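Here are the chains, one letter per residue:
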Amino acid sequence: GAGVSQSPRYKVAKRGQDVALRCDPISGHVSLFWYQQALGQGPEFLTYFQNEAQLDKSGLPSDRFFAERPEGSVSTLKIQRTQQEDSAVYLCASSPTSLPGLLLHFGNGTRLTVT
Amino acid sequence: KQEVTQIPAALSVPEGENLVLNCSFTDSAIYNLQWFRQDPGKGLTSLLLIQSSQREQTSGRLNASLDKSSGRSTLYIAASQPGDSATYLCAVTQGGSEKLVFGKGMKLTVNP
């Protein structure tokens, strides 16, 4: 079956532009996560949704970052006024359970390059 | 704050070797520990998950152990193959939190 789908696959933005990254989780998955992975680093947590509720946004690095999941399925990560330090791969993961760490399925990520 | 460390950052071995990958974490109050594999340009695939009450998990040629009191885990890969070449990441979850805390990963190259 279909896995977690992320689009676009690659995004190049000029510094100061706004970007929107999309995640289509596996159908029926209640939990959805966003992670940021800089080059040569492990993923770092950004935010977590359980259905449509954003339960944890402690990892969002600044108020330029905003995430939503209005109907409890598709999620969008928006970055306003992009900066060079925002360049990274943004990974989305979903799970059918709310139990920590279990049955996670990751998408292939969106590689954002800010020039 | 939980910190996860993986050393070395990279390893290159000939095919057929048995390998041990190491992971350490600073806060032993974990809920579970998980080993992932990441291929270039791809997302993460979970290999093994060990709950805090468990000592080890096995899947095929992979065996992961957990020593929570010392803050360490090892991933053992038997009879390595070129197809095992990838980056391996260790991650923990804390009690009361749903997020994963990752190490930086170890890039493995298995040469034919």
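Residues numbered from 1 in each chain as written. Chains lettered and ligands numbered in written order. Predicted model: local features only at pLDDT ≥ 70, side-chain atom pairs only at ≥ 80, totals over all residues. Heavy atoms only, no water.

Q: I'd love a proper account of the overall build of chain B, names of residues and values included.
A: When helices and strands are tallied, chain B shows 0 helices and 11 strands. In terms of overall dimensions, chain B is globule-like: its C-alpha atoms have a radius of gyration of 13 Å, near the 13 Å expected for 112 residues. When the backbone C-alpha atoms are referred to their principal axes, chain B occupies close to 45 × 25 × 20 Å. Within chain B, the fraction of its 112 residues that count as buried is 43%. Nonlocal contacts in chain B, meaning residues at least 24 apart in sequence, comprise 55% of its contacts between residues at least 6 apart. About 5300 Å² of surface is accessible on chain B, with carbon and sulfur atoms providing 48% of the total. Each charge class in chain B can be summarised by its mean position, and for the 10 positive and 9 negative side chains these summaries are 5 Å apart. (Helix = DSSP H or I, 4+ residues; strand = E, 2+ residues; numbered from the N terminus. Rg over C-alpha atoms; globule rule 2.2 N^0.38 Å. Buried < 20%, exposed > 50% of the residue type's maximum accessible area, 1.4 Å probe, protein only. Contact = heavy atoms within 4.5 Å. Areas by Shrake-Rupley, 256 points an atom, 1.4 Å probe, with all protein chains shown as cover. Lys, Arg positive; Asp, Glu negative; His and termini not counted. Charge placed at Lys NZ, Arg CZ, Asp CG, Glu CD.)

Q: Talk me through the sheet that holds strand β3 (residues 19–25) of chain B; I want residue IDs and the actual numbers.
A: Residues and elements named next belong to chain B. An order of β1-β3-β8-β7-β6 is seen for the 5 strands of this open sheet, with the pairing classed as antiparallel. Pairing within the sheet leaves two strands with one partner each, and these edge strands are β1 (4–5) and β6 (56–59). Here β3 runs beside strand β8 (residues 72–77); their pairing, made up of 6 bridges, is antiparallel. Counterpart to Asn22 in the pairing with β8 is Thr74. (Pairing = 2+ DSSP bridges.)

Q: So what's going on with the interface of chain B and chain A? Residues and values would help.
A: Each partner contributes residues to the interface: chain B has 20 residues there, and chain A has 21 residues. A combined buried area of about 1600 Å² lies between chain B and chain A, and 56% of that area is made up of carbon and sulfur atoms. If you look at where chain B meets chain A, you find 0 salt bridges. For the interface between chain B and chain A, the tally reads 6 residue pairs in polar contact (both at pLDDT 80 or more). Tallying contributions element by element places strand β4 (residues 30–38) of chain B first for the side of chain B that touches chain A, with 5 residues. (Buried area = accessible area lost by both parts, 1.4 Å probe. Salt bridge = Lys/Arg side-chain N within 4 Å of Asp/Glu carboxyl O. Polar contact = N/O pair within 3.5 Å; in protein donor to acceptor, adjacent residues only side chain to side chain.)

Q: Describe the pattern of salt bridges, and please don't skip the residues or the numbers.
A: Under the criterion given, the structure shown has 5 salt bridges over all chains. Two residues, Asp86 of chain A and Arg64 of chain A, come together in a salt bridge whose shortest N-O distance is 2.8 Å. Pair noted here: Asp86 of chain A is in the loop between β8 (75–79) and β9 (88–95) and Arg64 of chain A is in the loop between β6 (53–56) and β7 (65–68), with a separation of 22 residues, a long-range link. Here Asp86 of chain A falls in the buried class, since its relative accessible area comes to 2%. Here Asp39 of chain B makes a salt bridge to Arg37 of chain B, at a shortest N to O gap of 3.0 Å. The class for Asp39 of chain B is partly exposed, based on a relative accessible area of 26%.

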